[in-house]
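# Topology and contacts: notes
In case you want the letters, here they are:
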Protein chains: 2
Amino acid sequence: MPSTIRDVAKKAKVGIATVSRVLNNSPAVSDETRQRVLNAIDELNYKPNLIARQLSIGKTQTIGVILPYLTLPSYVERLRGIQSVLDESNYDLILFVAEIPSKRDTFFEKLADKSRADGLIIISLPPTDEQAERFIHENQPVVLVDAYHSRLSSIIVNDIQGGRLATKHLIELGHKKIAYISDYLNTPFYPSMQYRYKGYRKALEEEKIPYYQKYHLQGDRGRFYAQQMTRQLLNLKDPPTAIFAASDTHAIGALDVAQEVGIKVPDELSVIGYDGIRDAEYVNLTTIEQNLFESGVESASMLLTMLREKPSDVYKAELSIKLVIRNTTAPPPNPDNHNL
Amino acid sequence: MPSTIRDVAKKAKVGIATVSRVLNNSPAVSDETRQRVLNAIDELNYKPNLIARQLSIGKTQTIGVILPYLTLPSYVERLRGIQSVLDESNYDLILFVAEIPSKRDTFFEKLADKSRADGLIIISLPPTDEQAERFIHENQPVVLVDAYHSRLSSIIVNDIQGGRLATKHLIELGHKKIAYISDYLNTPFYPSMQYRYKGYRKALEEEKIPYYQKYHLQGDRGRFYAQQMTRQLLNLKDPPTAIFAASDTHAIGALDVAQEVGIKVPDELSVIGYDGIRDAEYVNLTTIEQNLFESGVESASMLLTMLREKPSDVYKAELSIKLVIRNTTAPPPNPDNHNL
DNA sequence: TTTACTAATGGAACCGGTTCCATGTGCGTA
DNA sequence: TACGCACATGGAACCGGTTCCATTAGTAAA
């Protein structure tokens with residue numbers, strides 16, 4: 001029913017190759033012929049068939065994005081960044097949400113070859129060596145965000161550094177009883193939680209602050225479980241004076257509980273988050289800000305560059321982080337712990 | 001480089017048609033032949049080319065989703081619902097975010113014909129008559145969510161009813177000074193805000209509560225502007241005793257300000273939201289809950305049904321809403337306004 | 001005037017699947 | 001024994017673009 005390039009060619013009394021040239025802005029067409037073709041296109045209300053074009057040139061003009069969750073704002077922020085770049089390009093975005101680990105493997109498999117997407121952006125889902133090998137073998141360009149593999153390009157944040165920075169901030173304020181709450185550290189998703197934890201341990205060690213097992217809690221993902229962990233911490237005989245939450249979502253859960261039980265933040269309890277989601281600003285949360293939106297922008301730009309230039313090496317970029325001090329951290333309540 | 005159906009045919013010593021039959025589980029292949037083909041596929045590590053298939057059958061196996069923002073949780077929730085259904089189907093999801101109105105038109109135009117997607121789900125972006133006509137003419141299946149057009153299928157919420165319900169709840173608690181805050185009502189996005197407002201007016205009228213212009217504020221989208229509007233309301237000489245916020249995001253902004261200026265919710269000020277996003281539960285917000293995730297599920301299911309059954313009529317579904325009473329609404333402070 | 005080169009153009013092959021249609025084989029039935 | 005039919009199967013055409021290559025015309029150089 002819809003008209004094809006051959007209809008246009010017939011109407012304009014030219015060959016199909018010429019129509020194709022006009023469509024692709026080839027200079028090798030005379031102005032007069034071009035105009036005839038354009039008129040014919042107009043009259044027939046012709047729209048080129050994208051699929052046919054894709055088959056012919058062997059590209060999908062599509063970028064696949066794979067991420068673990070849509071429920072957490074940090075992923076959505078990254079996605080927004082990606083989307084904003086792709087929107088300016090000729091690439092469409094297909095979205096895959098791998099809420100359970102088996103999906104991740106399915107998606108990796110499904111997208112390994114180029115038949116669905118010309119390239120992939122993978123957020124917080126580190127591929128196995130075997131999977132990475134597959135991408136390389138199939139020549140499928142991949143950019144990892146918040147995940148790392150030596151053979152693939154990536155945009156990462158120095159989470160050890162970030163964890164250290166957050167913990168140091170609390171130590172400098174005079175805290176000694178510093179808790180760390182996070183997702184389960186051994187999940188395949190969100191490996192950065194582990195690095196943040198390493199940074200936490202490192203800072204404690206450097207500053208000769210003892211580490212207490214009881215101040216280190218892990219739980220299921222999300223604000224609700226962060227609340228539970230916080231309750232547990234605050235119920236200790238010797239509760240922490242500060243909580244380093246491995247994500248802003250965790251931190252907000254901690255703030256919920258503080259408010260609920262009437263503990264004043266930051267006077268009685270300091271809370272520092274990590275990520276820099278929008279809500280962090282709203283609740284005035286001190287946090288380690290990694291520019292999430294920017295990480296999406298960077299990853300998409302990197303991938304587009306790779307598609308354009310087909311580099312033989314992988315790209316590695318590290319995004320900067322910064323400590324943003326707001327109103328949820330302060331020196332601990334008992335003055336004998338203060339710095340001078 | 002990758003092997004094709006002809007390679008497989010050669011290896012298995014069969015015709016290409018037979019290979020195709022095996023790929024498509026046609027019963028018209030003998031077990032023995034089928035096995036030979038499967039072995040060949042295995043040996044060659046053959047993967048069918050999706051694009052070629054799409055061109056051949058004239059379908060993209062892709063659903064386009066167009067939504068205005070990724071910044072607000074309500075859209076993301078709907079998207080999640082859509083995603084969860086599509087994930088179980090053979091359809092991929094291409095995402096288009098129309099942050100500015102001109103993008104909306106571009107996307108509508110780009111996706112009007114079937115060359116990029118077999119069907120569309122459009123969230124909160126009502127098409128013009130002309131655009132709707134275009135979809136119909138191109139035979140492009142469309143499901144609108146939180147938007148309405150008589151000639152297109154849609155999943156809507158009775159927002160007038162919802163606005164009425166919220167307002168009545170406040171009135172029944174004894175409030176007479178009830179404010180309404182929302183986005184600008186005349187934006188092309190999020191037309192439901194208007195209906196909620198109508199419901200608000202209707203309830204006031206029915207209960208013979210006077211409407212005051214000063215209690216009706218509009219502003220830019222988002223929590224921040226909701227905060228501003230709330231400050232403005234609370235600074236009135238005769239401030240409202242209750243605020244009906246047109247979205248939970250607005251309501252949360254209102255709660256921020258109440259806390260900031262030390263006004264107790266719900267004792268001194270009642271706040272009711274609308275939507276039922278996750279955060280509403282966290283902050284214990286009384287709200288009109290429309291099942292956002294469910295609306296996504298429903299729209300995707302509807303679209304898949306349409307693709308399967310090619311109905312001549314449009315589908316219209318209305319999702320139910322319910323009042324969820326939590327801890328942000330209570331009778332107004334001065335007792336003389338109470339019900340008996 | 002012939003030759004050489006460039007510019008504009010058309011036809012055919014190709015991308016890798018699906019599917020229509022023709023062919024061959026084996027079996028039951030008249 | 002001949003006929004008809006169902007079942008497997010293969011070949012070719014097709015989907016609608018892109019592109020290689022050949023052809024023609026026009027112009028500058030020899």
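See the structure shown above.
In this text, all values refer to a predicted model and were calculated from it rather than measured experimentally. (Residues numbered from 1 in each chain as written. Chains lettered and ligands numbered in written order. Predicted model: local features only at pLDDT ≥ 70, side-chain atom pairs only at ≥ 80, totals over all residues. Heavy atoms only, no water.)

### As for the overall build of chain A
To keep it simple, the criterion reads: Note on conventions: DSSP H or I runs of at least 4 residues are helices, E runs of at least 2 residues are strands, and numbering of each starts at the N terminus. Both definitions apply: the radius of gyration is a C-alpha atom measure, and the globule rule equals 2.2 Å times residues to the power 0.38. Whether a residue is buried, partly exposed or exposed follows from its accessible area with a 1.4 Å probe, protein chains only, as a fraction of its type maximum: under 20%, in between, or over 50%, in that order. Contacts were defined at the residue level, with two residues in contact if any of their heavy atoms lie within 4.5 Å. Method for areas: the Shrake-Rupley scheme with a 1.4 Å probe, in which residue coverage is limited to the protein chains shown. A positive count includes Lys and Arg, and a negative count includes Asp and Glu. His and the chain ends are not counted in either. By convention, the point assigned to a charge is CZ for Arg, NZ for Lys, CD for Glu and CG for Asp.
When its secondary structure is counted, chain A shows 13 helices and twelve strands. Against the 2.2 N^0.38 benchmark of 20 Å for 340 residues, chain A shows a C-alpha radius of gyration of 26 Å, more extended than a compact globule. In terms of its C-alpha atoms, chain A occupies a principal-axis envelope of roughly 90 × 40 × 35 Å. The buried share among the 340 residues of chain A stands at 55%. Put simply, of all contacts in chain A between residues at least 6 apart along the chain, 70% involve residues at least 24 apart. Summed over all atoms, the accessible surface of chain A reaches about 15300 Å², with 49% contributed by carbon and sulfur. Taken together, the 40 basic and 42 acidic charged side chains of chain A have centroids lying 4 Å from each other.

### Points about the protein's contact with DNA strand C
Basically, it comes down to this: One heavy atom within 4 Å of a molecule or strand is enough for the residue carrying it to be called near that molecule or strand. Polar contact is the term for a pair of N or O atoms within 3.5 Å; when the atoms are in protein, one must be able to donate a hydrogen and the other to accept it, and sequence-neighboring residues count only if both atoms are side-chain atoms. For this classification, Asp, Glu, Lys and Arg are treated as charged, while Ala, Val, Leu, Ile, Met, Phe, Trp, Tyr, Cys and Pro are nonpolar and the rest, including Gly, are polar.
Surrounding DNA strand C, one finds 30 residues, the nearest of these being Gly 15, Thr 18 and Thr 33 of chain A together with Ser 20 and Ser 56 of chain B. When the atoms of DNA strand C within 4 Å of the protein are sorted by group, sugar and phosphate make up 58%. Contact between DNA strand C and Tyr 46 of chain B: a sugar or linking oxygen at 3.0 Å from a side-chain N or O atom of the residue. Looking at the surface near DNA strand C, the elements with two or more residues in it are α2 (16-23) and α4 (50-57) of chain A together with α1 (5-12), α2 (16-23) and α4 (50-57) of chain B. Here the surface near DNA strand C takes five residues from α4 of chain B, the largest share from any one element. Here the surface near DNA strand C is composed, by residue class, of 14 nonpolar, ten polar and six charged.

### Description of helix α7 (residues 129-137) of chain B
Each full turn of the α-helix corresponds to 3.6 residues, which orients residues three or four apart in the same direction. Residue and element names in this part refer to chain B. The condition is simple: Arc definition: directions from the helix axis to the C-beta atoms.
All buried positions along α7 are accounted for by Gln 131, Ala 132 and Phe 135. In a view along the axis of α7, the buried residues occupy a sector of 100°, so they form one face of it. Structural note: α7 exposes Asp 129, Glu 130 and His 137 on the side pointing more than 90 degrees away from its buried face. Packed against the buried residues of α7 are α6 (101-111), β3 (119-123) and β4 (142-145). Downstream of α7 by a residue or two, Asn 139 has a phi angle that is positive, lying close to 65°.

### Some details on the packing of aromatic side chains
All names here are of chain A. Here is the rule we go by: Geometry of aromatic contacts follows a simple scheme: Phe, Tyr and Trp rings, the Trp one being its six-membered ring, pair when their centres are within 6.5 Å, and the pair is stacked under 30 degrees between planes, edge-to-face over 60, tilted otherwise.
Counted by the stated rule, this structure contains 24 aromatic pairs over all chains. Each ring, one from Tyr 197 and one from Tyr 200, has its centre 6.1 Å from the other, and the planes form 35°; the classification is tilted. With Tyr 197 and Tyr 200 both in helix α9 (residues 192-206) and three residues apart, this pair spans about one turn of that helix. For Tyr 197, a relative accessible area of 15% translates into the label buried.

### Thoughts on the sheet that holds strand β7 (residues 216-219) of chain A
All names here are of chain A. Put simply, the test is: A pair of strands counts as paired when DSSP detects no fewer than two bridges linking them. Convention adopted: a line fitted to C-alpha atoms gives each axis, helices being fitted over their contacting stretch, and angles between N-to-C directions are expressed from 0 to 180 degrees.
Within the open sheet, the six strands sit side by side as β7-β6-β8-β9-β10-β12. Their pairing is mixed. Each end of this open sheet is capped by a strand with a single partner; those strands are β7 and β12 (321-324). Pairs of neighbouring strands in the sheet enclose a mean axial angle of 15°, with direction left out of account. Direction of pairing for strand β8 (residues 242-245) relative to strand β9 (residues 270-275): parallel, over a ladder of three bridges. Paired with Ala 242 across the two strands is Ser 270, which belongs to β9. Where α9 meets the sheet, its contacts fall on β6 (178-183), β7, β8, β9 and β10 (286-290), and the angle it forms with β6 comes to roughly 170°. Contacts between helix α10 (residues 223-234) and the sheet are confined to β6, β7 and β8, with β6 contributing the most and set at about 155° to the helix.

### Focus: the pattern of salt bridges
Heads up, the condition is: Throughout this description, the term salt bridge denotes a Lys or Arg side-chain nitrogen within 4 Å of a carboxyl oxygen of Asp or Glu.
For the coordinates displayed, the defined rule picks out 56 salt bridges over all chains. Taken together, the shared-partner salt bridges connect Lys 47 of chain A together with Glu 109, Asp 113, Arg 134 and Glu 138 of chain B into one network.

### Section: the protein's contact with DNA strand D
Surrounding DNA strand D, one finds 30 residues, the nearest of these being Ser 20 and Ser 56 of chain A together with Gly 15, Thr 18 and Thr 33 of chain B. A distance of 2.8 Å is found between a phosphate oxygen of DNA strand D and a backbone nitrogen or oxygen belonging to Ile 5 of chain A. Within the side chain of Arg 6 of chain A, an N or O atom sits 2.7 Å from a base nitrogen of DNA strand D. Taken together, the elements giving at least two residues each to the surface near DNA strand D come down to α1 (5-12), α2 and α4 of chain A together with α2 and α4 of chain B. In terms of residue count, α4 of chain A provides more of the surface near DNA strand D than any other element does, five residues in total. Looking at side-chain class alone, the surface near DNA strand D contains 14 nonpolar, ten polar and six charged residues.

### Brief notes about the relation of the copies chain B and chain A
In summary, the two copies of the chain are related to each other by a rotation about an axis coupled with a shift along it. Quick reminder of the rule: Superposition of the copies was done by least squares, using only C-alpha atoms of residues whose pLDDT is at least 70 in both.
You can overlay chain B on chain A at an RMSD of 0.0 Å; the transform is a turn of 180° with a shift of 0.0 Å along its axis. Interpreted geometrically, this transformation is the action of a two-fold axis. Considering only C-alpha atoms, the residue of chain B closest to the rotation axis is Ile 94 of chain B, which sits at 2.2 Å. The overlap is high: 100% of the interface residues of chain B also sit at the interface in chain A, so the same surface is used on both sides.

### Focus on the sheet that holds strand β10 (residues 286-290) of chain B
All names here are of chain B. Spatially, the six strands line up as an open sheet ordered β7-β6-β8-β9-β10-β12, and their pairing is mixed. With partners counted over all chains shown, the strands left at the sheet margins are β7 (216-219) and β12 (321-324), one partner each. Direction aside, neighbouring strands of the sheet carry axes that sit 15° apart on average. Where strand β9 (residues 270-275) meets β10, four bridges bridge the pair, whose relative direction is parallel. Residue pairing across strands places Asp 275 opposite Glu 289, the latter belonging to β10.

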